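Residue-level structure breakdown
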Amino acid sequence: MTRILHISDLHIMPEGQLFHGTIDTATALQDMLSGLARLLPAIGPVERLVISGDLTETGCDGAYDHLRAIMATAPLPWRAIPGNHDNRETMRAFAAQEGWMPDKGPINWREDLDDVTTLGLDTLVEGAAHGEVSDQTLEWLAATLRDLAGRPLLVFMHHPPFATGISAMDAIGLTPNPRLEAVLHDHDGPVQIACGHVHRMITGQFAGRQVTIAPGTSHAVGLNLQTQTGVHFVPGHCGAVLHDVGHSCQTLHISSDDLR
Ligand SMILES: [Fe+2]
């Protein structure tokens, strides 16, 4: 089995600024990373930390500079995909030295680990809050899966491919894509899908595959299944996810209580 830690929706601001003027996302991420470092001996070997988008709130250089300083304390090698709050070219420059960032086009990547291949899929539509899997990304995914026949996969994408019931977030969800569904359905091996965007631990199904949405690192989207009055945020409810993957898969929620 191969273990991957998954965090999401960091929403880092330029240094000295708070998210929506009230939430200190930088301290929350620092606490998350130090909590994970303390917890690692109790987990055992973990191969990677993957961030499933919304690394920053503003997408500007100052926010990525602030994030770079915080990620220098990460207890594991890490990878990331963009979320709707990220800027593709600024994020590309931010992570250019990490060794996995494509030098142009969508931020899609593949990493072959012992028991699983992890894939990052770029669903960012710049200037928009909803997500899409572009034709270019879909062609990359289809070609990659042809090359990976039978391999267990852990696929990261910011926008979840199913409706969560939180209507304000579903309104800015992933544009339905039957070709994406067919490609993931037809893969001849286990597939787990891991997402962010909703800032809550939610599980669902897509293409006959298990999907897990990770909580955020500092705040959640309000739990309102009844009205579409816009997104509102509540501090806390933060956590991480441990994907224990191979030919069988377990998904463990790590709560803020585990990280104290
Ligand atoms: Fe987010």
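Residues numbered from 1 in each chain as written. Predicted model: local features only at pLDDT ≥ 70, side-chain atom pairs only at ≥ 80, totals over all residues. Heavy atoms only, no water.

The name recorded for the chain in an unreviewed UniProt entry is Phosphodiesterase, from Roseovarius gahaiensis. Here the chain is described in UniProt, under the heading Sequence similarities (unreviewed entry), as follows: "Belongs to the cyclic nucleotide phosphodiesterase class-III family." (UniProt positions renumbered as here; feature names shortened; annotations may be inferred.)

Details of unusual backbone geometry
Positioned with a positive phi, Asp9 is a non-glycine residue whose angle comes to about 55°. Asp9 gets classed as buried once you look at its relative accessible area, which sits at 0%. For His237, which is not a glycine, the phi torsion comes out positive at approximately 55°. (Buried < 20%, exposed > 50% of the residue type's maximum accessible area, 1.4 Å probe, protein only.)

Topic: the UniProt feature "domain: Calcineurin-like phosphoesterase" (unreviewed entry) in the chain
This chain's UniProt record puts "domain: Calcineurin-like phosphoesterase" (unreviewed entry) on residues 3–200. Spanning residues 3–200, this segment combines 32% helix with 17% strand, and its end C-alpha atoms are found 21 Å apart. (Helix = DSSP H or I, 4+ residues; strand = E, 2+ residues; numbered from the N terminus.)

Here we look at the side chain of Glu111
By the element assignment, Glu111 lies in strand 4 (residues 109–112). Take Glu111: its relative accessible area is 11%, and that puts it in the buried class. What Glu111 contacts, discounting residues up to four positions off in sequence, is Arg48, Arg79, Val116, Thr117 and Thr118. (Contact = heavy atoms within 4.5 Å.)

A few points about the sheet that holds strand 1 (residues 2–7)
Spatially, the 5 strands line up as an open sheet ordered 3-2-1-12-13, and their pairing is mixed. Strand pairing shows two members of the sheet lacking a second neighbour, strand 3 (78–81) and strand 13 (250–255), which therefore form its edges. Between one strand axis and the next, the sheet turns through 25° on average, direction left out of account. Sheet topology note: the strand 2 (residues 48–52)/strand 3 ladder contains 4 bridges and is parallel. The residue bridging Val50 from the neighbouring strand is Arg79, located in strand 3. (Pairing = 2+ DSSP bridges. Axes fitted to C-alpha atoms, helices over the stretch in contact; angles between N-to-C directions.)

Thoughts on the packing of helix 4 (residues 135–147) against helix 6 (residues 178–186)
Close contact between helix 4 and helix 6 brings their axes to 10 Å; oriented N to C, the two are set at 10°. Between helix 4 and helix 6, the angle falls in the class roughly parallel. Of the residues in helix 6, those in contact with Asp135, Leu138, Leu141, Ala142 and Leu145 of helix 4 are Arg179, Leu180, Val183 and Leu184. Of the residues in the contact of helix 4 with helix 6, the class split is 7 nonpolar, no polar and 2 charged. (Parallel < 35°, antiparallel > 145°, perpendicular 65-115°, else oblique. Nonpolar A, V, L, I, M, F, W, Y, C, P; charged D, E, K, R; others polar.)

Focus: the pairing of strand 1
The buried count for strand 1 comes to 5 of 6 residues, which makes it a mostly enclosed element. Sheet topology note: the strand 1/strand 12 (residues 239–245) ladder contains 5 bridges and is antiparallel. Of the residues in strand 12, the one forming a bridge with Ile4 is His243. Here strand 1 pairs with strand 2 via 4 bridges, running parallel.

Comments concerning the pattern of salt bridges
The tally for this structure, following the rule as stated, stands at 10 salt bridges. The partner of Asp65 in a salt bridge is Arg68, and the shortest N-O contact between them spans 3.0 Å. Of this pair, Asp65 and Arg68 both sit in helix 2 (residues 61–71), 3 residues apart, roughly one helical turn. Linking Asp147 and Arg110 is a salt bridge whose minimum nitrogen-to-oxygen distance equals 2.8 Å. Here Asp147, found in helix 4, pairs with Arg110, found in strand 4; they are 37 residues apart in sequence, far enough to count as distant. (Salt bridge = Lys/Arg side-chain N within 4 Å of Asp/Glu carboxyl O.)

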